[in-house]
There are 2 protein chains.
Amino acid sequence: MNDASIKYVYPFGKSGTEGNKEMKNLLGGKGANLAEMANLGLPVPPGFTITTEACLNYIKTSSIPDQAKKQTLAAISKIEKELGKKFGDEKNPLLFSVRSGARVSMPGMMDTVLNLGLNEKSTKGLALQTGNERFAWDSYRRFIQMYADVVMGFNSSILESTLEDLKDARNVKDDTELSAADLKNLVAVYKKIIVEESGEYFPEKPEDQLWKAIGAVFNSWNNSRAIKYRDLNNIAHNWGTAVNVQSMVFGNMGNDCATGVCFTRNPSTGENKFFGEFLINAQGEDVVAGIRTPSPINHDSKNESNKTLPTLSELLPTAFDELVSIYNKLEKHYRDMQDIEFTIEKNQLFILQTRSGKRTVAAAVRIAVEMVNEGMISKEEAVLRIPPNDIDQLLHPKLDPNYKKTVLATGLPASPGAASGRIALTSEMAAKMKDNQKTALLVRHETSPEDISGMAVSQGILTARGGMTSHAAVVARGMGKPCVAGCTLLQIDLAERTVLINGKHFNEGDPITIDGATGEIMDGIVPTVKATIGEHFKIFMNWADEFRVLKVRANADNPADGETAVNFGAEGIGLCRTEHMFFGDERVLAIRQMLFARNDEEIKRALDKLLPFQEEDFTGIFRALNGKPVNIRLLDLPLHEFLPQTEKEKKHLAESLDITLKEIENVGKQLEEFNPMLGHRGCRMGITSNLVYITQVKAIAKAAVTCSKEGIVVIPEIMIPLIATEKELAILRELTKKIVDQIFAEKNVKIKYKIGTMIELPRAAITADEIAKSAEFFSFGTNDLTQTTFGLSRDDAGKFLPEYRNLGIIKSDPFASLDQQGVGFLVSYAIKKGREANPNLHFGVCGEHGGDPDSITFFHNNGLDYISCSPYRIPVARLAAAQAAIKFKR
Amino acid sequence: MNDASIKYVYPFGKSGTEGNKEMKNLLGGKGANLAEMANLGLPVPPGFTITTEACLNYIKTSSIPDQAKKQTLAAISKIEKELGKKFGDEKNPLLFSVRSGARVSMPGMMDTVLNLGLNEKSTKGLALQTGNERFAWDSYRRFIQMYADVVMGFNSSILESTLEDLKDARNVKDDTELSAADLKNLVAVYKKIIVEESGEYFPEKPEDQLWKAIGAVFNSWNNSRAIKYRDLNNIAHNWGTAVNVQSMVFGNMGNDCATGVCFTRNPSTGENKFFGEFLINAQGEDVVAGIRTPSPINHDSKNESNKTLPTLSELLPTAFDELVSIYNKLEKHYRDMQDIEFTIEKNQLFILQTRSGKRTVAAAVRIAVEMVNEGMISKEEAVLRIPPNDIDQLLHPKLDPNYKKTVLATGLPASPGAASGRIALTSEMAAKMKDNQKTALLVRHETSPEDISGMAVSQGILTARGGMTSHAAVVARGMGKPCVAGCTLLQIDLAERTVLINGKHFNEGDPITIDGATGEIMDGIVPTVKATIGEHFKIFMNWADEFRVLKVRANADNPADGETAVNFGAEGIGLCRTEHMFFGDERVLAIRQMLFARNDEEIKRALDKLLPFQEEDFTGIFRALNGKPVNIRLLDLPLHEFLPQTEKEKKHLAESLDITLKEIENVGKQLEEFNPMLGHRGCRMGITSNLVYITQVKAIAKAAVTCSKEGIVVIPEIMIPLIATEKELAILRELTKKIVDQIFAEKNVKIKYKIGTMIELPRAAITADEIAKSAEFFSFGTNDLTQTTFGLSRDDAGKFLPEYRNLGIIKSDPFASLDQQGVGFLVSYAIKKGREANPNLHFGVCGEHGGDPDSITFFHNNGLDYISCSPYRIPVARLAAAQAAIKFKR
């Protein structure tokens, strides 16, 4: 495109506005909203926005396009006419603020210059115009400081300390106590320092100031702060920022001036009451700086610290009334709670910014629900307004936001919620603390099945190794307990019973606090606030369910989790891992006896001990899920997790089997695998030694019979793990069917049940059409499927995945959010092939991705029937599924 | 289809033949060839074939279809007319043999009944007709024994011992010494025993005998022997067998009778000379039984043990002459060397069977070449005639086939060839033996990089653990050394320096022999015969190359292997693994110093030690491959293979780095991985700490420069392993290119080189279109791709894969022969996507599958450019590629 034909500058104000709120990509959020407000006839100081396109151009060429300069000058002369002022004038100077404004808000990341246009001449003009010499020189002094910092890259502490020295010399504390003469003198000193230190004169020509300021704001798009922020918030690096050049208004010209921020509704509670703070005779920075306590704008905005201060409605009632009428207009126009910045200059109200206001999750839910009730937005819009992950905050206790915490170290935020407790280095110690009425926090190198009891009696779990899907993380999420995992700065000395956290020494028994939502670890007890689920939340979730198509099930291994899940709205169990049922001393021993058995007889004896346990487990779960499907996965032993580790365990096992310790060690060695994840597990074990599966299937069938006779509606689904070939499934399906049918026939009951498989290996996905012939359902085990598709062990990936994210090789942890391009291809291929071969096949997902909103969108779009996640994630999943359905329909 | 319209019975003989040699699927091999010979006018005793379709029908319904019975009786009456005999006649009885005959030969696996039609009456008829009462009763006695065994399922040892008792009573040694009266009496005793033991009378009615015999032969398709044989030989279980009912002729009626087997060419050497053996006055069984030494049919068939016996040409010249004319006719007709069974009854020659004769590989090659020269077959046909894997036998020494070996135990046939040597339990001991002029055979639990030197000085390698692609197996194949791996019956006691092989005790230094082609392990020295590559083989391979489209490259890591490969016809190196270059004390130490380094400085120091070694390695390989491409894979460390294992190694490393043993252990622990195969390896290491790759790339570039200045044509291809995402490759490609270009520019040379990647993870295959943008070639690493697609660790799979094969879950080891359905899908998908995105992309394969004929066929059909395999497999690969090309064209 020819440069001359590109429109780079969009004016706003009474004499003509060319943008609107839909043009955020080109004008940035701030610029689009300024134009929108001008269009609405609101009192916006006139100005113009230079587009993001100009920014990208500038970044490429390091110069402002000629055309942009031309259009800028034209816009300025229009403003000069409208306001009757002149840029750089010595009588009635026009001053500008120059602010960044990207497509999405990046608060504080990029640069701003205020009072641009001041120089020796125009400062005098400002003094004249305002009749306030002190104000004029203070404005110039502030401008020089800001410009030197932002535009010239001058080390601002030098000017800052000159100001401090001056205050010391005058023996005053506050800037406001310095006289006009002092400030005028300070300006001269500033300029001298700048030329000495930088070799450059401070620019006097307003136009020069402007071009350089615009360039500096463009450049600030790529400062390291901004880049980091975009990386963290998944914002594209190639958007660029717009620049807003706006005529200055002053809230600091006297007591008929003020500046403030307000919200159209209460941002903490969501209550539909106007809320805000202001300062009389102040500039925006002063509100932020926090030197003076801001006053409440109205009665509803009063709190403990400001309740004695006069309100804006009392001090400047006309301006306040206008503000009230404007906030109503803006909220109705934007159909969302607004965060509005205003300045009152000599009793005249100006609106400097409006945007959707940040709010707590509880407030967001309440606002969304009430706006529907007020007829302002539709239910669909309400459901779309809350980011699903935010919901999680409502379900777990969190740190008291008013408490000033000190963070010792940060690990992975493995299971949300905050918890305090005394460091317990073993499960035994945690149990002992509990017995002594003390709260324990389990701190382990990593957890193993042996630690389940210790985790259960602890307030939370902290580990030094392991990732987001480590044992500790998965079990903690299932239990709804806070967990911080893989904290590399944590060192444990079990012999000394001490730990070092980022160099700080703790004894076992010392209290610490963890925040599983952020991964932070704090010294001592940090107070927490309880989770409360209010009426608005219930209404909101019901609306979500109205739109949802995907069923939501829970991953739960015991009756208690099953109940929790149902309470959170689970429509069944999508994954009942039977491995977890073997934790506990007696059961682990039986499993080990089975693994180390020398013949079928010994295997049988060990399994006979497990049968009643298993049957009881399943009975409990069927009862809890009355009328809802329960998907039980047959044993998928990661063998190594069950091998005896300590001498004591080995000895115990040897005695129980009446063999030598040496034999235990020899067999243990044989059972060891190079790559347990790719080893002799799942259905492979079920095929080579099928007694375990027979025992499990018997337990399921008997439990189903028991419950059925109690009048409970039982819907069992039996899932066979790690299938790579159709034949494996066919063999195990036949075995399973025979056992179940026989038991049902013997007990004379009729219970419908399904047999299916996990799709967790690429080969299973590729040959899904064949496997579909022997399956009634597919459940995608996306954890393992991610491991094999990427060739990436989740236990080992922690060593390099963080660097991979930093380098942009991966956008997010593929174990947390589904890799849609790679793993997702296999999922959708398997669904297509599976459905073609067997139209009655049902599809679910039971990996950790079942609780991740982005992944849920993918699963909805690919036609899965249900997702399954840990009980505490269910509301998140329900909401994400609802949003996916709404977006897909659109 | 209506039963009445199905043709179940196909007669052959002078009065009309309805089958031919193309009808093997319906008539079996034997039946089709009998019909063919009858069509040719050869003297075939008349008979008929009942189809495999009837067999399948019988297996389903347990009864012979009525229509088949009707057609059988019609065929019999035709034969009665032709021969002037009558089935069950008391004067001139017609007797039948009833034989199985499947689509492919399954020698000895199914059942046969001879002399069917005999009973009290017809035996008298036979005596009358032949004038030989003893012969008649002996035939009846044999028939009863055979029928009781095959048809009635009678324990044949009971009848056998009755015969022995009778011989004892008569005090004779040989059956032939019993009189007609003895035999007649024996028949009566047999019948009595049968009715007493089985409760069933022996059938007198010939028709009953026939139906039951046919049913028994049909059933024998599913006896356990036959099922096992089919499993082993990949023969489908649903083919069924035909039954051949043929009028009996007798080679045992006197000295004008004989029976024998002949080959149209020498089956051991392939020489074009008629070759065979016979017995005068004998039945076919007698030749097989080996009681009498068979005589040579002609002068050319004489050997040490039979050279004094008279030949058939001398004893029965008329019949011999007719046989000569027939063998010529048959060979020309079938255009292949034939294995012919004949019987001479009273000077009259009958041909009972013809089929393509089994032969040694050397003979097969010679026959194929000579038949082309004789104008009998085309070059294409010749090339198709040799199963590629057979070629391997010609390249390695093998056990002397004349020596009677005793097999102690069997492991996996990991690298072909036979070798004897003294047991050496460590590499040091093997080296010591070599120094003392003794031959060593390295016996290890499993080998590691440390063992390379020991493997190099040993005759062969035997391991207790590990599969077909274990370290020992891969390295041994590369070295062309025999290896038997994963022998579970081998136990090693390193402390006592002894081993147990299947319970037998050996000291270190005791001699044993292994056969890497069969996996057998033998006590002591078994003599071997050297491999000889003759002139015919060279001609044959040249013809193969004429048809071949796929290029064949070698996997070779050093100049010696490179030379071997070129000698075997390699057209480049497809995989030069740089890991193997780090074996050897000094290098391993440097690698370990790198792994345990605390900072970049230490890493650099360690790598600087490796650079000259690497450069030298690459220089040597480039020289050996002058003018041919060399594909070098950057380091793909399976980390754990390089960690120090013994105290001594750890101490050595600690001293060399000046750190404590405890630090070594701590760091070692941190480097350990749960699943090393899915861990921090390959390009992941190259990205997170790129100094290793930089060193390697420098070494490659410098070596290329050195060779280029020597006038050698260098074609380097740099391969980056374990790519899962395009970004990884893009980053490393840029790094590599920068280094290489800089060195080439500095040295002022121009060398074309390529950068590409292995496709060895499902994700790489799925996103091949993206990865193709940064690659100039793809090399399929089908070993790892198989591991991840199946979720199967090749190091651990040995524990259950054998059972999986037995259960028919997999047809063959997916690490030996490509899983075309699963892994193959990803290969062909990646080729399609890769080629679409980058039409200049080249495709190769460097997994073990590159040497497997079935896999090679797949690779040809999917349009790969080259395959790569270990040097000794190259001829096999060349032949397989040629056959694939010929078959694809057809």
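Thresholds applied
- Residues numbered from 1 in each chain as written.
- Chains lettered and ligands numbered in written order.
- Predicted model: local features only at pLDDT ≥ 70, side-chain atom pairs only at ≥ 80, totals over all residues.
- Heavy atoms only, no water.
- Helix = DSSP H or I, 4+ residues; strand = E, 2+ residues; numbered from the N terminus.
- Buried < 20%, exposed > 50% of the residue type's maximum accessible area, 1.4 Å probe, protein only.
- Contact = heavy atoms within 4.5 Å.
- Areas by Shrake-Rupley, 256 points an atom, 1.4 Å probe, with all protein chains shown as cover.
- Lys, Arg positive; Asp, Glu negative; His and termini not counted.
- Charge placed at Lys NZ, Arg CZ, Asp CG, Glu CD.
- Pairing = 2+ DSSP bridges.
- Axes fitted to C-alpha atoms, helices over the stretch in contact; angles between N-to-C directions.
- Left-handed = near helix turned anticlockwise from the far one by under 90°.
- Least-squares fit on C-alpha atoms with pLDDT ≥ 70 in both.
- Buried area = accessible area lost by both parts, 1.4 Å probe.
- Salt bridge = Lys/Arg side-chain N within 4 Å of Asp/Glu carboxyl O.
- Polar contact = N/O pair within 3.5 Å; in protein donor to acceptor, adjacent residues only side chain to side chain.
- 1 Å grid on protein atoms, 1.4 Å probe; cavity = no way out; pocket = protein on both sides within 12 Å on 5 of 7 lines; lining within 4 Å.
- Points joined across faces, edges and corners; volume = space filled by probe spheres on them.
- Nonpolar A, V, L, I, M, F, W, Y, C, P; charged D, E, K, R; others polar.
- Core = buried A, V, L, I, M, F, W, Y, C linked by side-chain atoms within 4.5 Å.
- pLDDT = per-residue confidence, 0-100.

K.L.:
What is the right way to look at the overall build of chain A in this model?
P.N.:
Looking only at helices and strands, one finds 34 helices and 33 strands in chain A. Counting only C-alpha atoms and orienting by the principal axes, one finds that chain A spans roughly 105 × 60 × 55 Å. Out of the 890 residues belonging to chain A, those deemed buried represent 58%. For chain A, contacts bridging at least 24 residues in sequence account for 68% of all contacts bridging at least 6. Roughly 36,400 Å² of accessible area belongs to chain A as shown, and the carbon and sulfur atoms make up 49% of that amount. Side-chain charges in chain A split into 106 positive and 113 negative, and the spacing between the mean points of these groups amounts to 3 Å.

K.L.:
What should I look at first to understand the pairing of strand 1 (residues 9–12) of chain B in this one?
P.N.:
The two faces of the sheet receive side chains in turn, since in a regular strand these alternate between them. Residue and element names in this part refer to chain B. Burial along strand 1 is two-sided: the face carrying Val-9 and Pro-11 and the face carrying Tyr-10 and Phe-12 are both buried. Strand direction decides the pairing type here: strand 1 and strand 2 (residues 47–50), joined by 4 bridges, are antiparallel. Bridged to Val-9 within strand 2 is Ile-50.

K.L.:
Before we go on, may I ask you to explain the packing of helix 4 (residues 120–130) of chain A against helix 5 (residues 133–150) of chain A in this structure?
P.N.:
Between two packed helices, what matters for the description is the angle formed by their axes and the separation of those axes. All names here are of chain A. The geometry of helix 4 relative to helix 5 is characterised by a closest axis approach of 8 Å and an angle of 145 degrees between their N-to-C directions. The chirality of how helix 4 crosses helix 5 is right-handed. Contact residues: helix 4 offers Glu-120, Thr-123, Leu-126, Ala-127 and Thr-130, while helix 5 offers Glu-133, Phe-135, Ala-136, Trp-137, Ser-139 and Tyr-140.

K.L.:
Would you take a moment to explain the relation of the copies chain B and chain A for this structure?
P.N.:
What connects the two chain copies is a rotation about an axis and a shift along it. Note on the identical chains: chain B maps onto chain A by a rotation of 179 degrees and an axial translation of 0.2 Å, with an RMSD of 0.4 Å. Overall, the copies show the geometry of a two-fold rotation axis. Relative to the rotation axis, the closest C-alpha in chain B is found at Asn-675 of chain B, a distance of 2.0 Å. Of the interface residues in chain B, 100% have counterparts in chain A that sit at the interface too, so the contact is made through matching surfaces.

K.L.:
Looking at this model, I keep getting lost on the interface of chain B and chain A. Mind explaining?
P.N.:
How large an interface is tends to be reported as the accessible area lost when its parts come together. Each partner contributes to the interface: chain B provides 50 residues, whereas chain A provides 50 residues. Taken over both partners, the interface formed by chain B and chain A buries close to 4,600 Å², and the fraction arising from carbon and sulfur atoms is 58%. The largest share of the area that chain B buries against chain A comes from Phe-674, Leu-678 and Arg-763 of chain B, three residues that together contribute 15% of it. In this assembly, chain B and chain A are joined by 2 salt bridges. Between Arg-763 of chain B and Asp-819 of chain A there is a salt bridge, with the nearest N and O atoms lying 2.7 Å from each other. Counting across the interface, chain B meets chain A through 28 residue pairs in polar contact (both at pLDDT 80 or more).

K.L.:
Looking at this structure, I do not really get the layout of surface pockets. What am I missing?
P.N.:
To locate leftover empty space, one rolls a probe as large as a water molecule over the atoms. Residues and elements named next belong to chain A. Taken as a whole, the second largest pocket holds about 530 Å³ of empty space. Taken together, 21 residues form the lining of the second largest pocket, with Ser-268, Thr-360, Ala-362, Leu-394 and Lys-398 sitting closest to its centre. When residues of the lining of the second largest pocket are assigned to their parent elements, the largest contribution, 4 residues, is made by helix 13 (residues 361–373). Considered class by class, the residues forming the lining of the second largest pocket number 9 nonpolar, 9 polar and 3 charged.

K.L.:
Would you take a moment to explain the nonpolar core for this structure?
P.N.:
Looking at soluble globular proteins, one finds that nonpolar side chains tend to be buried together. One finds Phe-622 of chain A together with Phe-622 of chain B to be the most contacted residues of the largest nonpolar core, which totals 316 residues. Phe-622 of chain B has contacts with Val-630, Ile-632, Ile-700, Ala-703, Ala-704, Cys-707, Ile-712, Val-714 and Pro-716 of chain B, leaving out every residue within four places of it along the chain.

K.L.:
Help me out: how do you make sense of the confidence of the model for chain A in this one?
P.N.:
Should the pLDDT be low somewhere, the predicted coordinates at that spot are not to be read in detail. Overall, the prediction assigns chain A a mean pLDDT of 91, with 98% of residues at 70 or greater. Here the complex is predicted with pTM 0.83, and the ipTM for its interfaces comes to 0.82.

K.L.:
Honestly, the side chain of Thr-498 of chain B in this entry has me stumped. Any pointers?
P.N.:
Relative to the assigned elements, Thr-498 of chain B resides in strand 21 (residues 498–501). Those residues in contact with Thr-498 of chain B that sit more than four places away from it in its chain are Leu-425, Gln-491, Ile-492, Asp-493, His-505, Phe-506 and Asn-507 of chain B.

K.L.:
I would appreciate a short explanation of empty space enclosed by the protein in the present structure.
P.N.:
Residue and element names in this part refer to chain A. Enumeration according to the criterion identifies 11 cavities of 30 Å³ or more in this entry. As a volume, the largest cavity reaches approximately 70 Å³. Leu-83, Lys-85, Pro-93, Leu-94, Leu-95, Leu-126, Gln-129, Ser-247, Met-248, Phe-250, Met-253 and Glu-345 are the residues that line the largest cavity. Grouping the amino acids of the lining of the largest cavity by side-chain chemistry returns 8 nonpolar, 2 polar and 2 charged.

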